[in-house]
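Chain by chain, the residues:
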Amino acid sequence: MPRIIHWFRRDLRLGDNAALTAAARASGGAVLPVFILDEAILFGRFASPGRTAWLLANLRALDEALRARGLGLILRRGDPLRELLALARESGAAGVYWNRDYTPYAIRRDSAVKEALRANGLAAHSFKDAVIFEMDEVLTDAGTPYSVYTPYARRWRQRLAAEGCFPYPPPHLIPSQPWPASLPIPGMADLGLHYDQPLPPAGEAAARERLATFVDPRRQSGIAAYAEQREYPGSEGTSRLSPYLRLGALGIRSALRAALDCEAASATLTPLARDSLDRWIGELAWRDFYVQVLYHFPHVLRGAFKREYDALAWENDPALLAAWQEGRTGYPIVDAAMRQLRQEGWMHNRARMIVASFLTKDLLVDWRQGERHFMRLLLDGDPAANNGGWQWAAGTGTDAQPYFRIFNPVSQGQKFDPAGVYVRRYVPELAAVPAQFLHTPHLLPQAEQIRAGVLIGRDYPLPVVDHRARRARALDVYGKVKGQR
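Residues numbered from 1 in each chain as written. Predicted model: local features only at pLDDT ≥ 70, side-chain atom pairs only at ≥ 80, totals over all residues. Heavy atoms only, no water.

> So what's going on with the packing of helix H12 (residues 318–326) against helix H13 (residues 332–344)? Residues and values would help.
Relative to each other, H12 and H13 sit at 70 degrees, their axes nearing to 7 Å. Taken as axis vectors, H12 and H13 run roughly perpendicular relative to one another. Taking contact as the criterion, the partners of Trp324, Gln325 and Glu326 in H12 are, on H13, Val334, Met338, Arg339 and Arg342. (Axes fitted to C-alpha atoms, helices over the stretch in contact; angles between N-to-C directions. Helix = DSSP H or I, 4+ residues; strand = E, 2+ residues; numbered from the N terminus. Parallel < 35°, antiparallel > 145°, perpendicular 65-115°, else oblique. Contact = heavy atoms within 4.5 Å.)

Here it is as structure tokens:
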């Protein structure tokens with residue numbers, strides 16, 4: 001049977017991999033596993049040293065998994081079409097299989113690759129893998145895409161109930177000769193990049209272990225308590241699987257199947273556990289939703305989903321933007337979140353909402369500035385989800401809520417980090433501040449400041465803006481665009 005190239009991209013795993021499974025079936029297991037370092041992604045608009053370091057770590061893990069099966073990852077660097085054609089000539093491969101990606105760049109690239117491969121007499125097939133349902137599989141009764149999550153999620157769940165979710169088992173792969181040459185997997189320095197923050201354990205095995213731990217019903221945290229703990233950034237109440245899903249070290253079907261298997265035992269689950277499962281499955285639906293929004297409305301990558309908000313009079317004060325980026329706004333919950341992002345390449349979802357609201361509504365900085373900053377630092381940075389989250393917070397996106405949703409950073413901190421666990425972890429200069437002042441340290445009496453070992457205005461900044469005044473200003477700015485003021 002002919003050899004088939006499997007072009008790895010955002011699917012860095014062997015199990016539950018639609019295109020790899022199809023390639024193994026078509027070739028009797030004679031698959032050439034290939035990854036191409038694409039310069040347009042490495043150094044493009046969404047380039048990120050952290051995500052590149054995370055990518056390289058997962059490529060090494062994938063190579064080890066392949067070597068355990070007598071193969072190895074074939075790495076090339078350059079234009080994907082040129083490298084795929086060269087590999088096909090070198091190896092005598094009959095075709096190339098890959099899993100689809102849905103950003104505008106990926107769609108253009110893959111269309112050109114598919115057309116050129118077929119013009120050269122090669123098979124070229126792509127597969128659904130990164131989402132549960134693709135762009136045109138969940139539509140309104142009129143056949144149009146959804147622009148609000150709740151009705152989309154309702155239809156998404158109806159289709160899921162009808163069709164089920166069935167991950168693919170790891171395919172049978174066999175070594176075959178001759179084996180094309182491969183570049184070594186580079187280090188960061190080889191790419192002219194630097195990243196010195198710690199990374200999570202990489203690879204499919206680590207991803208599956210984290211998933212198994214999260215869905216273990218015997219644990220008092222994890223998926224069984226997700227509905228209760230998910231809002232508290234100081235707890236371990238979320239899965240932290242998003243970096244693995246971003247690169248496909250974990251398949252989305254595997255994640256959903258694990259939750260559905262827990263749900264199948266609902267007779268023995270508490271109401272909290274059932275609610276938790278429902279909410280976590282809903283987060284997977286959110287991922288699909290934002291992917292289809294980007295596909296059907298690609299203008300969101302450059303401007304507001306609701307185009308009238310492109311006229312917002314952002315103030316874009318560079319000093320305030322820098323204070324936000326560096327975690328020195330004088331609002332502890334905001335600063336803790338921004339420092340977590342810099343230190344870990346990840347941020348709790350509740351914290352993401354708080355800092356995004358603060359940037360856009362309190363500081364009146366264009367949401368695209370925040371979107372870019374997140375994409376530079378997040379290990380799970382995904383154009384669709386990141387854009388959707390930022391536009392939700394800014395009030396410019398698909399969400400049905402009006403623009404006057406404005407988070408109060410003090411009350412958000414008091415509600416979701418009442419004991420200050422999160423703030424004390426990432427803002428250590430406030431570690432000894434009494435809990436009643438932890439989210440308002442500027443109100444701490446000077447004698448108490450001395451006792452706590454922190455002078456506000458010297459060791460930790462005063463608030464860079466007054467929330468009450470800025471809320472009124474934001475309502476005025478947004479209201480003018482909506483014609484309400």
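> I'd like to hear about the packing of aromatic side chains, residue by residue, with values.
When we look at a pair of aromatic rings, we describe it by the centre distance and by the angle of the planes. Taken as a whole and judged by the stated rule, the model has 23 aromatic pairs. Measuring from centroid to centroid gives 5.2 Å for Tyr152 and Phe289, while their planes differ by 50 degrees, and the two rings are tilted. Pair noted here: Tyr152 is in helix H6 (residues 149–163) and Phe289 is in helix H11 (residues 271–296), with a separation of 137 residues, a long-range link. Residue Tyr152 shares its accessibility class with Phe289, and that shared class is buried. With centroids separated by 5.3 Å and ring planes inclined at 65 degrees, the aromatic side chains of Tyr422 and Tyr426 adopt a geometry described as edge-to-face. On the criterion of helical spacing, the pair formed by Tyr422 and Tyr426 is a turn pair, its members being four residues apart in helix H18 (residues 421–426). Linked through ring pairs, Tyr146, Tyr149, Tyr152, Trp286, Phe289 and Tyr290 together constitute an aromatic cluster. (Phe/Tyr/Trp six-rings, centres within 6.5 Å; stacked < 30°, edge-to-face > 60°. Buried < 20%, exposed > 50% of the residue type's maximum accessible area, 1.4 Å probe, protein only.)

> Kindly report on the pairing of strand S1 (residues 4–8), identifying the contributing residues and their values.
Taken across its five residues, S1 has five buried, putting it largely inside the fold. With burial as the criterion, each face of S1 is covered, one bearing Ile4, His6 and Phe8 and the other bearing Ile5 and Trp7. Taken together, the five bridges between S1 and strand S2 (residues 31–37) define a ladder with parallel strand orientation. Considered in S2, the bridge of Ile5 is made with Leu32. Both S1 and strand S4 (residues 95–99) contribute to a ladder of four bridges, which runs parallel. Bridge pairing in S4 places Trp7 opposite Trp98. (Pairing = 2+ DSSP bridges.)

> How would you explain the nonpolar core if you had to name every residue and give the values?
Residues Trp156, Trp280 and Trp324 are the most contacted members of the largest nonpolar core, which totals 131 residues. In terms of residue count, H11 provides more of this core than any other element does, 11 residues in total. With residues up to four places along the chain from it excluded, the contact list for Trp280 reads Leu211, Phe214, Ile223, Tyr226, Ser239, Leu241, Ala255 and Ala259. Core analysis: the next-biggest nonpolar cluster, separate from the first, contains 17 residues, Leu84, Leu87, Leu117 and Leu122 among them. (Core = buried A, V, L, I, M, F, W, Y, C linked by side-chain atoms within 4.5 Å.)

> Now, about the side chain of Asp11: what can you tell me, with residues and values included?
Mapped onto the secondary structure, Asp11 falls in the loop between S1 and helix H1 (18–27). In this structure, Asp11 is buried with no salt-bridge partner, the nearest side chain bearing the opposite charge being Arg9 at 5.7 Å. Here Arg9 takes part through its backbone nitrogen, which lies 2.7 Å from a polar atom of the side chain of Asp11. Side-chain polar atoms of Asp11 contact the side chain of Asn99, separated by 2.7 Å. When residues no more than four places from it in sequence are discounted, the contact partners of Asp11 are His6, Asn17, Asn99, Asp129, Leu247 and Gly248. (Lys, Arg positive; Asp, Glu negative; His and termini not counted. Salt bridge = Lys/Arg side-chain N within 4 Å of Asp/Glu carboxyl O. Polar contact = N/O pair within 3.5 Å; in protein donor to acceptor, adjacent residues only side chain to side chain.)

> Give a description of the sheet that holds S2 that names residues and reports values.
The five strands are arranged S3-S2-S1-S4-S5 in an open sheet whose pairing can be described as parallel. Each edge of the open sheet carries a strand with a single partner, namely strand S3 (74–77) and strand S5 (123–127). Strand-to-strand twist across the sheet, computed as the mean angle between neighbouring axes with direction ignored, equals 25 degrees. Along the sheet, H1 contacts S1, S2, S4 and S5; its crossing angle with S4, the most-contacted strand, is approximately 155 degrees. Sheet strands touched by helix H3 (residues 49–67): S1, S2 and S3. Its angle to S2, the strand with the most contacts, is close to 165 degrees.

> Help me get a handle on the pattern of salt bridges, residues and values and all.
A side chain of one charge can pair with a side chain of the opposite charge when the charged atoms of the two come close. Under the defined criterion, the tally for this structure stands at 36 salt bridges. Residues Asp275 and Arg279 are paired through a salt bridge, measuring 3.2 Å at the closest nitrogen-oxygen approach. Of the two residues, Asp275 and Arg279 are both situated in helix H11; the distance of four residues between them amounts to about one turn of the helix. The class of Arg279 is partly exposed, set by a relative accessible area of 36%. Among the salt bridges present, the one from Asp380 reaches Arg352, with a minimum N-O distance of 2.8 Å. Placement of the pair is Asp380 in the loop between helix H15 (367–377) and helix H16 (383–394) and Arg352 in helix H14 (residues 349–362), with a sequence separation of 28 residues. By relative accessible area, Asp380 is classed as buried at 9%. Overlapping salt bridges, with partners in common, bring together Glu315, Arg470, Arg473, Asp476 and Lys480 in one network.

> Residue-level account of the packing of H11 against H16, with values.
Between H11 and H16, the shortest axis-to-axis distance is 8 Å and the interhelical angle comes to 95 degrees. As judged from the angle between their axes, H11 and H16 are roughly perpendicular. Every residue of H16 that contacts H11 at Tyr290, Val291 and Leu294 is listed here: Pro383, Ala384, Ala385, Gly388, Gly389 and Trp392. Classifying every residue of the contact of H11 with H16 gives seven nonpolar, two polar and no charged. (Nonpolar A, V, L, I, M, F, W, Y, C, P; charged D, E, K, R; others polar.)

> Before we move on, can you summarise the environment of Pro178 with the specific residues and values?
Position of Pro178 among the secondary structure elements: in the loop between H6 and helix H7 (204–215). Look at Pro178 and you get exposed, because its relative accessible area is 52%. On a C-alpha basis, the gap between Pro178 and Glu90 in space is 8.8 Å, while along the polypeptide they are 88 residues apart.

> Describe unusual backbone geometry, listing the residues and the values that go with them.
Of note, the bond from Gln177 into Pro178 is cis; its omega dihedral lies within 30 degrees of zero at 0 degrees. With phi around 55 degrees, Arg240 is a residue other than glycine that occupies positive phi space. With respect to the element layout, Arg240 can be found in the loop between helix H8 (226–229) and helix H9 (242–247). Taking relative accessible area as the criterion, Arg240 reaches 25% and is therefore assigned partly exposed. For Leu364, which is not glycine, the phi torsion reads 50 degrees and is therefore positive. As for its placement among the helices and strands, Leu364 is situated in the loop between H14 and H15. With relative accessibility at 0%, the residue Leu364 sits in the buried group.

So, to be careful, I would describe these as geometric facts and stop short of saying anything about function.
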